[in-house]
Amino acid sequence: MTGTPDVLAQYRASIDNIDAALVHILAERFRITKAVGAYKAREGLPPADPSREEAQIARLRTLAESANLDPEFSEKFLRFIVAEVIRHHEQARG
């Protein structure tokens, strides 16, 4: 098992980098959806758009499958994000 701690450390460093990238990507996504929420509030549009959400889920499930990622997981993850976005849009409206 010589070198095992080094290999594990390298894997973990890669995971840490990916996690940091995910945080930055999510921050950018929420920056944009905040602008969408402000626009919707100004224009009197509803916070949620169920047809858009379902289309996005279907699109991302297909992407997940092509990336060998569990589509069930990807759908749960997206639904969690969408719920948070809708909550922010409701706050912007209120």
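Residues numbered from 1 in each chain as written. Predicted model: local features only at pLDDT ≥ 70, side-chain atom pairs only at ≥ 80, totals over all residues. Heavy atoms only, no water.

*Asks:* Which parts of the structure should I look at to understand the confidence of the model for the protein chain?
*Replies:* Low-pLDDT portions of the prediction should not be read for the details of their coordinates. Residues with a pLDDT of 70 or more make up 97% of the protein chain, whose mean pLDDT is 94. Averaged pLDDT values over the elements of the protein chain bottom out at 93 in helix α3 (residues 71–93) and peak at 97 in helix α2 (residues 50–66). (pLDDT = per-residue confidence, 0-100. Helix = DSSP H or I, 4+ residues; strand = E, 2+ residues; numbered from the N terminus.)

*Asks:* Honestly, the environment of V7 in this entry has me stumped. Any pointers?
*Replies:* As for its placement among the helices and strands, V7 is situated in helix α1 (residues 4–43). Put simply, V7 and E53 are 46 residues apart on the chain and 41 Å apart in space, counted from C-alpha to C-alpha.

*Asks:* Got a minute to help me understand α3 in this structure?
*Replies:* Along an α-helix, residues three or four apart share an orientation, since each turn contains 3.6 residues. Along its 23 residues, α3 runs 32 Å from first to last C-alpha, staying within 8% of the 33 Å computed at 1.5 Å per residue. Along α3, the positions that sit buried rather than exposed are P71, S74, E75, L78, I81, V82, V85, I86 and H89. Its side-chain oxygen at 3.0 Å from the backbone nitrogen of E72, D70 defines the N-terminal cap of α3. (Expected span 1.5 Å × (residues − 1). Buried < 20%, exposed > 50% of the residue type's maximum accessible area, 1.4 Å probe, protein only. Polar contact = N/O pair within 3.5 Å; in protein donor to acceptor, adjacent residues only side chain to side chain.)

*Asks:* Can you walk me through the pattern of salt bridges in this structure?
*Replies:* Close approach of charged atoms allows side chains with opposite charge to pair. Applying the stated rule across the entire model yields 6 salt bridges. Across the pair E28 and R31 runs a salt bridge whose closest N-O atoms are separated by 2.6 Å. Residue E28 and its partner R31 are located together in helix α1, separated by 3 residues, close to a single helical turn. Under the relative-accessibility criterion, E28 is labelled partly exposed at 37%. Among the ionic pairs, E84 bridges to R87, the shortest N-O distance being 2.5 Å. Of this pair, E84 and R87 both sit in helix α3, separated by 3 residues, roughly a single helical turn. (Salt bridge = Lys/Arg side-chain N within 4 Å of Asp/Glu carboxyl O.)

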